[in-house]
Amino acid sequence: MMEKANFNELELLTIAMALEDQGMKFYQNGAKNTEGQLRQFLLDAAQQEKEHKEVFQGFYDNIVKNKPQNEDDYLFDPEVASYLKALTEKAVFDRTPFDSEEAFKDLKGSVSYALKSEELTVDIYSKLYESAKRQDVKDLLEKLIKEEKGHAKYFEKILKSL
């Protein structure tokens, strides 16, 4: 589990973009291995994750415009980028190889895994919210927490119907 940290806004947004990217790939892979209503939901969820990442990228770009030149260069250092990416992968997507065709082979197990991933994403976004200093970033994280909770409720409903 991710402990509360004092990330600056660029680090916070880098982590959030990595989370959304991993979620998008996770749902896209699931859609390849499912059918019907679940497949459509997974495609919709992947699209939402993509849209979330694009919004975070916009915030990132706007912050960088107002920072001294090269202040964010360290975020593109391969070691730093790997560390931030590893934080998100370990925290949310570490239990099953999300890029494996096996990830969504068993429907009930897959939906259960997706539910747990959504719940962990909510937890991470909540921790990032606590660390955020800018109100606009807090507002965005609050909206995304609500959306991720909606994904979790949908997966709970599917599990109950199986």
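Described in the following lines is the structure provided in the data block. Since the model is a prediction, treat every value here as computed from it, not as a measurement. (Residues numbered from 1 in each chain as written. Predicted model: local features only at pLDDT ≥ 70, side-chain atom pairs only at ≥ 80, totals over all residues. Heavy atoms only, no water.)

Some thoughts on the pattern of salt bridges
Piece 1. Using the criterion set out here, one finds 3 salt bridges in the structure.
Piece 2. Notably, a salt bridge pairs D21 with K25, separated by 3.2 Å at the nearest N-O pair. One end of the pair is D21 and the other is K25, both in helix α1 (residues 9-32) and 4 residues apart, which spans about a single turn.
Piece 3. Its relative accessible area of 15% is what places D21 among the buried residues.
Piece 4. Among the salt bridges present, the one from K127 reaches D123, with a minimum N-O distance of 3.9 Å. With K127 and D123 both in helix α4 (residues 107-131) and 4 residues apart, the pair spans about one turn of that helix.
Piece 5. You can call D123 partly exposed: its relative accessible area is 21%. (Salt bridge = Lys/Arg side-chain N within 4 Å of Asp/Glu carboxyl O. Helix = DSSP H or I, 4+ residues; strand = E, 2+ residues; numbered from the N terminus. Buried < 20%, exposed > 50% of the residue type's maximum accessible area, 1.4 Å probe, protein only.)

Concerning the packing of aromatic side chains
Piece 1. The final tally for this structure, using the stated rule, is 6 aromatic pairs.
Piece 2. Plain terms: the ring middles of Y27 and F155 are 6.1 Å apart, the flat faces sit at 15° to each other, and that makes the pair stacked. Within this pair, whereas Y27 is found in helix α1, its partner F155 is found in helix α5 (residues 135-161), the two being separated by 128 residues in sequence.
Piece 3. Ring centres 5.1 Å apart and planes at 90° place the aromatic pair F41 and F155 in the edge-to-face group. Of this pair, F41 sits in helix α2 (residues 36-65) while F155 is found in helix α5, placing the two residues 114 residues apart along the sequence.
Piece 4. According to the relative accessible area criterion, F41 is buried, its value standing at 14%.
Piece 5. Site record: aromatic cluster; members linked through ring pairs are F26, Y27, F41, Y154 and F155.
Piece 6. The ring of Y129 is capped by K138, whose NZ or CZ atom sits 4.3 Å from the centre of that ring. (Phe/Tyr/Trp six-rings, centres within 6.5 Å; stacked < 30°, edge-to-face > 60°. Lys NZ or Arg CZ within 6 Å of the ring centre and 35° of its normal.)

Considerations on the nonpolar core
Piece 1. Ranked by size, the top nonpolar core spans 20 residues in total, and within it L12, L13, F56, Y125, L128 and L141 carry the most contacts.
Piece 2. For this core, the elements supplying multiple residues, two or more each, are α1, α2, α4 and α5.
Piece 3. Per-element accounting of this core gives the leading share, 7 residues, to α1.
Piece 4. With residues near it in sequence (within four places) discarded, F56 still touches L13, A16, M17, E20, Y125, L140, L141 and L144.
Piece 5. In this structure, Y27, Y113, Y154 and L159 belong to the second largest nonpolar core, which totals 18 residues. (Core = buried A, V, L, I, M, F, W, Y, C linked by side-chain atoms within 4.5 Å. Contact = heavy atoms within 4.5 Å.)

Details of α1
Piece 1. Along its 24 residues, α1 runs 35 Å from first to last C-alpha, staying within 8% of the 34 Å computed at 1.5 Å per residue.
Piece 2. With 21 of 24 residues buried, α1 lies mostly within the body of the structure. (Expected span 1.5 Å × (residues − 1).)

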